[in-house]
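Overview (structure and organization)
Take a look at the letters that make up each chain.
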Amino acid sequence: MNFVEFLKQHKRFSLATALKNGFNRAIVGYYLKRGDIVRLARGVYVDSKTSNDSEYVDFETLAECGYEFTVSLFSALKIHGFTTSNPVETWIAIPQNAKKPNKVDFPLRIVWLGDKSYNYGVQVIQSGEQNFKVYSPAKTVADLFKFRNKFGIDIAIEALKEGWKKHLFTADELYRAAQVCRVTRVIEPYTESVLS
């Protein structure tokens, strides 16, 4: 198999995958210099014809790099349709003791979460050849209340209103997410007026 055939089978690939298929670094460098492939992150490449095909390219890249992460906060709001605007940065959560992703070439914002909060409300999205995790709408709203001191309470309230209006979560789902994030008392005054 030549490199062009390899690209037809692997629109996105890691250097390790190319090496396993018998191609060395020089070949990858040659096709990169020619513009046939694009570097997404250190050791992760994509066919230049399809480099912008996916709306989830940042998350696919993180998954390809093998990082443990879950899409959170403003990026999760976008995925779930709370908003149509794209966040300037890619927002993810990682477990408290996990290594921070350092190979990527795009702006990345990270929140570290304890095990219970990190593992709660996770949904899986399949995109191309990659799967990645994203927090549910209810967990995303609860996280915005949890981090209200960073972003302001207004953003959390707006997400609560928009998510409820669009039927993205039930009152029970929101309550359980608020319990896990330990924001039940903070969120209660707003849920009484919005969810009634």
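As a reminder, the structure under discussion sits directly above these lines.
Residues numbered from 1 in each chain as written. Predicted model: local features only at pLDDT ≥ 70, side-chain atom pairs only at ≥ 80, totals over all residues. Heavy atoms only, no water.

**Some details on the overall build of the chain**
For the chain, the helix and strand inventory stands at eleven helices and eight strands. For the C-alpha atoms alone, the extent of the chain along its principal axes is close to 65 × 30 × 25 Å. For the chain, the proportion of its 196 residues judged to be buried stands at 48%. For the chain, long-range pairs separated by at least 24 residues make up 53% of all intrachain contacts whose partners lie at least 6 apart in sequence. (Helix = DSSP H or I, 4+ residues; strand = E, 2+ residues; numbered from the N terminus. Buried < 20%, exposed > 50% of the residue type's maximum accessible area, 1.4 Å probe, protein only. Contact = heavy atoms within 4.5 Å.)

**Looking at the packing of helix 7 (residues 137–146) against helix 10 (residues 171–180)**
A pair of packed helices is characterised by two quantities: the angle between their axes and the separation of those axes. Across the interface, helix 7 lies against helix 10 with an axial gap of 8 Å and an inter-helix angle of 45 degrees. As far as their axial angle goes, helix 10 and helix 7 are oblique. Considering how the two elements wind past one another, helix 7 and helix 10 form a crossing that is right-handed. Facing A138, K139, V141 and A142 of helix 7, the residues of helix 10 in contact are E173, L174, A177 and A178. Looking at the contact of helix 7 with helix 10 residue by residue, the class counts come to six nonpolar, no polar and two charged. (Axes fitted to C-alpha atoms, helices over the stretch in contact; angles between N-to-C directions. Parallel < 35°, antiparallel > 145°, perpendicular 65-115°, else oblique. Left-handed = near helix turned anticlockwise from the far one by under 90°. Nonpolar A, V, L, I, M, F, W, Y, C, P; charged D, E, K, R; others polar.)

**Details of the sheet that holds strand 8 (residues 130–135)**
Strand order in this open sheet of five strands is 6-5-4-8-7, and the pairing throughout is mixed. The open sheet has two edge strands, strand 6 (108–113) and strand 7 (122–127), and neither has a second partner. In the sheet, strand 4 (residues 70–71) pairs with strand 5 (residues 90–95) via two bridges, with the strands oriented antiparallel. Note that in strand 5 the partner of T70 across the bridge is A93. Helix-sheet contacts for helix 4 (residues 57–64) involve strand 4, strand 5, strand 6, strand 7 and strand 8, and the interaxial angle to strand 8 is about 115 degrees. (Pairing = 2+ DSSP bridges.)

**Looking at the environment of A16**
With respect to the helices, strands and loops of the structure, A16 is situated in helix 2 (residues 15–20). Judged by relative accessible area, A16 falls into the partly exposed class, the value being 42%.

**Describing unusual backbone geometry**
Of note in the backbone geometry, H167 takes a positive phi value of approximately 60 degrees without being a glycine. Along the chain, the position of H167 falls in the loop between helix 9 (153–165) and helix 10. Positive phi is not limited to glycine here, since R182 has a value of about 60 degrees. Along the polypeptide, R182 turns up in the loop between helix 10 and helix 11 (184–194).

**Thoughts on the nonpolar core**
Among the nonpolar cores identified, the biggest contains 30 residues, and L73, V141, L144, F145 and L160 are the most heavily contacted of them. When contributions to this core are tallied by element, the ones reaching two or more residues are helix 5 (73–79), strand 5, strand 6, helix 7, helix 9, helix 10 and helix 11. With five residues, helix 7 is the largest single contributor of residues to this core. Leaving out residues up to four positions away in the same chain, L73 has contacts with W91, V111, T140, D143, L144, F147 and F151. (Core = buried A, V, L, I, M, F, W, Y, C linked by side-chain atoms within 4.5 Å.)

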